[in-house]
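Close look at the chain arrangement
The chain contents come next:
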Amino acid sequence: MRIDILTLFPDMCDTVLSHSIIGRARQAKKVEINCIDIRDYTLDKHRRVDDKPYGGGMGMIMAPQPIYDCFSALCDEIGAKPHLIYLTPQGKTLTQERVKELSKLDNIALLCGHYEGIDERVIEALEPEEISVGDYVLTGGELPALIVADAVSRMLPGVLSDDECFEEESHYNSLLEYPQYTHPSVWQDRKVPEVLLSGHHANVDKWRREQSLKRTMERRPDMLENAQLNKEDIAFLSKLKKE
């Protein structure tokens, strides 16, 4: 997969994505991630990409020309139009299900707004998918773009050591993850649950499933609507509700 980030701060994005699991995946060619400077496509001799908003108001607006030309150049380079995503608080909230869908695409481009946003006309011209990473506002689209790039990349074959690394995580199957423990077995008088020390794999799996169901019901009951539940799961949840 190829991911291109269209941004005013390519070094910021590249630095973050050059470390840890994603950095190793890039080095191993499991995923290609490029950080493209929108300023390289401005026609302004001072490399300006923004201007005051028509109608007045605070802040500056990113102009349409540099963004449009940047994306057009990317399309020419690839020889196809990548799936374009504009990171904005006005978009649909990112979900793990959408991440899984995006990970199946060959090319995605992530457009980072900045200042007070981008000219509406370039949104109309490019028709990007609009995605939000939460109901809050940041100074720019770079952090949301990094979130999308990280979330999508780790779903690709070979990026993580095993599919189980993400298949049992929170949100993957519309359930929150079970509690995790490591050594020592007792810390500040707090003991690791005995079942995890038993070596009985079936009992461990049952405990983890039940803990996952319990956490989801307590913290995010809305997620249970999309979870794939068997008869044992339903019976366990019914028991919890009665307690």
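The coordinates are above.
Right, let's walk through the structure included here. (Residues numbered from 1 in each chain as written. Predicted model: local features only at pLDDT ≥ 70, side-chain atom pairs only at ≥ 80, totals over all residues. Heavy atoms only, no water.)

**Quick word on the overall build of the protein**
Spelled out, the test is: Going along the chain from the N terminus, every DSSP run of H or I of four or more residues is numbered as a helix, and every run of E of two or more is numbered as a strand. Our radius of gyration looks at C-alpha atoms and nothing else; its globule reference is 2.2 Å times the residue count to the power 0.38. Relative accessibility decides the category of a residue: with a 1.4 Å probe and only protein chains considered, values under 20% of the type maximum give buried, values over 50% give exposed, and everything between is partly exposed. Should any heavy atoms of two residues lie within 4.5 Å, those residues are considered in contact. In short, Shrake-Rupley with a 1.4 Å probe defines the accessible areas, and a residue's cover is counted only from the protein chains shown. In summary, the charge assignment counts Lys and Arg as positive and Asp and Glu as negative, without counting His or the chain termini. Charge placement uses NZ in Lys and CZ in Arg. For Asp and Glu, CG and CD serve respectively.
Looking only at helices and strands, one finds 10 helices and nine strands in the protein. The C-alpha radius of gyration computed for the protein amounts to 22 Å, which surpasses the reference 18 Å derived for 243 residues by more than 25%, pointing to a less compact arrangement than a globule. Residue burial in the protein is summarised as follows: out of 243 residues, 40% are buried. Long-range pairs, those at least 24 residues apart, make up 73% of the contacts in the protein with a sequence separation of at least 6. Carbon and sulfur atoms make up 48% of the accessible area of the protein, which totals about 14900 Å². For the protein, the centre of its 30 positive side-chain charges and the centre of its 42 negative side-chain charges are spaced 5 Å apart.

**Some words on a nonpolar patch on the surface**
We apply this condition: Candidate patch residues must exceed 30% relative accessible area and have no salt bridge, after which like charges are joined if within 9 Å and Val, Leu, Ile, Met, Phe, Trp or Tyr side chains if within 5 Å. A pairing counts as a salt bridge when a side-chain nitrogen of Lys or Arg comes within 4 Å of a carboxyl oxygen of Asp or Glu.
The grouping of Phe9, Met12, Tyr136, Leu138 and Leu143 at the surface amounts to a nonpolar patch, some 440 Å² of accessible area in total. With respect to the helices and strands, methionine 12 occurs in helix α1 (residues 10-16). Residue classification places methionine 12 among the partly exposed residues on the basis of a relative accessible area of 36%.

**Digging into the sheet that holds strand β2 (residues 32-37)**
Our working rule: The criterion for strand pairing is that DSSP finds at least two bridges linking the strands in question. Lines fitted to C-alpha atoms define the axes here, with helix axes fitted over just the stretch in contact, and angles between the N-to-C directions of these axes take values from 0 to 180 degrees.
Strand order in the open sheet formed by five strands is β2-β1-β6-β5-β7, with parallel pairing between adjacent strands. Pairing within the sheet leaves two strands with one partner each, and these edge strands are β2 and β7 (129-132). Across the sheet, the mean angle separating the axes of adjacent strands is 30° when strand polarity is ignored. Where strand β5 (residues 83-93) lies against strand β6 (residues 107-112), five bridges are found, and the strand directions are parallel. Along β6, the bridge assignment pairs leucine 87 with cysteine 112. Where helix α3 (residues 64-78) meets the sheet, it contacts β1 (2-7), β2, β5 and β6, and its direction lies at approximately 160° from that of β1.

**Examining the side chain of serine 153**
Rules: What qualifies as a polar contact is a pair of N or O atoms within 3.5 Å, subject to a donor-acceptor requirement within protein and to the restriction that residues adjacent in sequence count only when both atoms come from side chains.
Inspection of the secondary structure assignment puts serine 153 in helix α6 (residues 142-153). A polar contact of 2.7 Å, which involves the side chain of serine 153, links it to the backbone oxygen of alanine 149. Beyond its immediate sequence surroundings of up to four residues, serine 153 is in contact with Ile3, Ile22, Val31, Ile33 and Val159.

**As for the environment of valine 152**
By the element assignment, valine 152 lies in helix α6. In sequence terms valine 152 and arginine 47 are 105 residues apart; their C-alpha atoms lie 32 Å from each other.

**Concerning the packing of helix α9 (residues 201-219) against helix α10 (residues 231-242)**
So the rule is basically this: Each angle gets one of four labels, with under 35 degrees taken as roughly parallel, over 145 as roughly antiparallel, 65 to 115 as roughly perpendicular, and the rest as oblique. Crossings are sorted by hand: turned counterclockwise from the far helix by less than a right angle, the near helix makes the crossing left-handed, and turned clockwise it makes it right-handed. Note on residue classes: Ala, Val, Leu, Ile, Met, Phe, Trp, Tyr, Cys and Pro are nonpolar, Asp, Glu, Lys and Arg are charged, and everything else, Gly too, is polar.
With their axes 10 Å apart at the nearest point, α9 and α10 run at an angle of 50° to one another. Looking at the two axes, α9 sits oblique to α10. Our pair here, α9 against α10, has a crossing hand that is right-handed. Contacts between α9 and α10 involve Arg209, Glu210, Leu213, Lys214 and Met217 on the former and, on the latter, Asp233, Phe236, Leu237, Leu240 and Lys241. Among the residues making up the contact of α9 with α10, the classes are represented as five nonpolar, no polar and five charged.

**Focus: the pairing of β6**
As a reminder of what qualifies: We call a crossover right-handed when, viewed with the strands running away from us, the connection from the first strand over the helix to the second turns clockwise.
For β6, the tally of buried residues reaches five of six residues, placing the bulk of the element in the interior. Sheet analysis places β1 next to β6, joined by five bridges and oriented parallel. Opposite isoleucine 3, over in β6, you have isoleucine 108 as the bridge partner. One crossover worth recording links β5 to the parallel β6 by way of helix α4 (residues 96-102), and it is right-handed.

**Some remarks on α9**
Because an α-helix completes one turn every 3.6 residues, residues spaced three or four positions apart along the sequence face the same direction. We count it as follows: Expected helix span is given by 1.5 Å per residue-to-residue step, counting one fewer step than there are residues.
Here α9 spans 27 Å end to end across 19 residues, near enough to the 27 Å set by a 1.5 Å rise per residue. Turning to α9, its buried residues number three or more, namely Val204, Trp207, Ser212, Leu213, Thr216 and Met217. Contacts from the buried residues of α9 go to α8 (194-197) and α10.

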